[in-house]
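# Structural description and commentary
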Amino acid sequence: MKSKHDVIVIRPGLVYLFFSFMPIVLGVTYFWVLGKALPSDNPEADKMARWILLLFFLTVGLVSGLYALLTKIKIDNEKIEITRFPLKKKEYFWFDITTAKIINEALAYPCVIYTAEKRIAKVPRAYIGYEKLLNELSKRKIIEEDDLYLEARGMLAFDKLKLRDLFRR
C-alpha cells in the first residue's frame, strides 16, 4: 500500500512561472506604449500591428506558463512518471533506468536520466524536488557520483544559505 510520503514530485520552480509571465507583461506594455507613442498615417494598420504583437506575446506567455504549471515528474517505489506539457505522460519502471548523470550546463547542473541510452528526463537544479531526486538516484546507485555530481551537491548546499549568513562575522 502506497502512502503519500512515498511519492516525490519534481516540478519547475517559481522562477519558471515568473519568467513565463514576463512576455505577457512585455506584450501589454508594448501594446500600451505603441498606442500612445506612434502617431502615423494609417491608424488602422497600427492598431492591427499592436493587436498582433499583443496576441503573440500573450500566446508565448500562456504556453510557457502552462508548461511550468503542468510539467512534473512523480517518483515512487516502483516507477518514474513523467508528465510534460501538452500532457504527454510516460511511465518508466526503475529496472528500465540504466543511468543518470549531472551534465555541465552553466550553473544549472541538470540531472539527465537515461534508459538504454535514451534520455527520458532532464531536471535542472531550479526544479522543486531536485535534491530529493538526487537522493533517490543515489540510494538506488543509478547516478554517476563524479566531480559534477559533487559540484551540484555543493551548489545545493549554497542554495540553502541565506544572504545574511554570508555576511555574519
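Above: the structure in question.
Residues numbered from 1 in each chain as written. Predicted model: local features only at pLDDT ≥ 70, side-chain atom pairs only at ≥ 80, totals over all residues. Heavy atoms only, no water.

### A closer look at the overall build of the protein chain
This is how it is decided: Helical segments are the DSSP runs of H or I of at least four residues, strand segments are the runs of E of at least two, and each set is numbered from the N terminus. Here's how the labels work: a residue is buried when its accessible area is under 20% of the maximum for its type, exposed when over 50%, partly exposed in between, all with a 1.4 Å probe on protein chains only.
Secondary structure summary: the protein chain contains five helices and seven strands in total. Secondary structure of the protein chain in N-to-C order comes out as β-α-α-β-β-β-β-β-β-α-α-α. For the C-alpha atoms alone, the extent of the protein chain along its principal axes is close to 70 × 50 × 30 Å. Taking all 169 residues of the protein chain together, the buried fraction comes to 33%.

### Digging into helix H4 (residues 147-160)
Structural remark: α-helix, 3.6 residues per turn; residues separated by three or four positions point the same way. Put simply, the test is: Here, expected helix span is obtained from the residue count minus one, scaled by 1.5 Å. In this description, contact between two residues means that some pair of their heavy atoms is separated by no more than 4.5 Å.
When the terminal C-alpha atoms of H4 are compared, their 20 Å separation across 14 residues agrees well with the 20 Å that a helix rising 1.5 Å per residue should span. For H4, the elements touching its buried residues are strand S5 (99-102) and helix H3 (130-139).

### A closer look at the pattern of salt bridges
Put simply, the test is: We define a salt bridge as a contact between a side-chain nitrogen of Lys or Arg and a carboxyl oxygen of Asp or Glu at a distance within 4 Å.
Taken as a whole and assessed by the stated rule, the structure comprises five salt bridges. For Lys-89, the salt bridge goes to Glu-81, with nearest N and O atoms at 3.6 Å. A relative accessible area of 55% means that Lys-89 is categorised as exposed. Looking at Glu-81, the relative accessible area reads 13%, which means it is buried. With a closest N to O distance of 3.5 Å, Lys-139 and Glu-136 form a salt bridge.

### What about the packing of H3 against H4?
This is how the line gets drawn: Axis angles are defined between N-to-C directions and span 0 to 180 degrees, where every axis is a line fitted to C-alpha atoms and, for a helix, only to the segment in contact. Crossings are classed by handedness, with left-handed meaning an anticlockwise turn of the near helix from the far one by less than a right angle and right-handed meaning a clockwise turn. Residues are grouped as follows: Ala, Val, Leu, Ile, Met, Phe, Trp, Tyr, Cys and Pro are nonpolar; Asp, Glu, Lys and Arg are charged; every other residue, Gly included, is polar.
Interhelical geometry of H3 versus H4 gives an angle of 145° and a closest axis separation of 11 Å. Between H3 and H4 the crossing geometry is left-handed. Contact residues: Tyr-130, Glu-131, Leu-134, Asn-135 and Ser-138 in H3; Tyr-149, Ala-152, Arg-153, Leu-156 and Lys-160 in H4. Residues belonging to the contact of H3 with H4 are distributed by class as follows: five nonpolar, two polar and three charged.

### Focus: unusual backbone geometry
For Tyr-109, which is not glycine, the phi dihedral falls at a positive 40°. Counting through the fold element by element, Tyr-109 comes out in the loop between S5 and strand S6 (111-115). Owing to a relative accessible area of 6%, Tyr-109 belongs among the buried residues under this scheme. Positioned with a positive phi, Lys-141 is a non-glycine residue whose angle comes to about 55°. By relative accessible area, which is 73% here, Lys-141 ends up exposed.

### Considerations on the nonpolar core
Going by this rule: We call a set of buried residues a nonpolar core when its members are Ala, Val, Leu, Ile, Met, Phe, Trp, Tyr or Cys and they connect through side-chain atoms within 4.5 Å of each other.
Residues Ile-102, Cys-111, Ile-113, Tyr-130 and Leu-137 are the most contacted members of the largest nonpolar core, which totals 28 residues. Of all the elements in the fold, those that place two or more residues in this core are strand S1 (8-10), strand S2 (72-75), strand S3 (79-84), S5, S6, strand S7 (118-123), H3 and H4.

### Some remarks on the sheet that holds S2
Counted only if it meets this: When DSSP finds two or more bridges between two strands, those strands count as paired.
If you trace the four strands from one edge of the open sheet to the other, you get S1-S2-S3-S4, paired in antiparallel fashion. The open sheet has two edge strands, S1 and strand S4 (88-93), and neither has a second partner. The mean inter-strand angle of the sheet, taken between neighbouring strand axes irrespective of direction, is 15°. Relative to S2, S1 runs antiparallel, the two sharing three bridges. The residue of S2 that forms the bridge with Ile-10 is Ile-73.

### Re helix H2 (residues 43-70)
In this model H2 runs 40 Å from its N-terminal to its C-terminal C-alpha over 28 residues, within 8% of the 40 Å that 1.5 Å per residue would give. Residues Arg-50, Leu-54, Phe-57, Gly-61, Gly-65 and Ala-68 constitute the buried set of H2.

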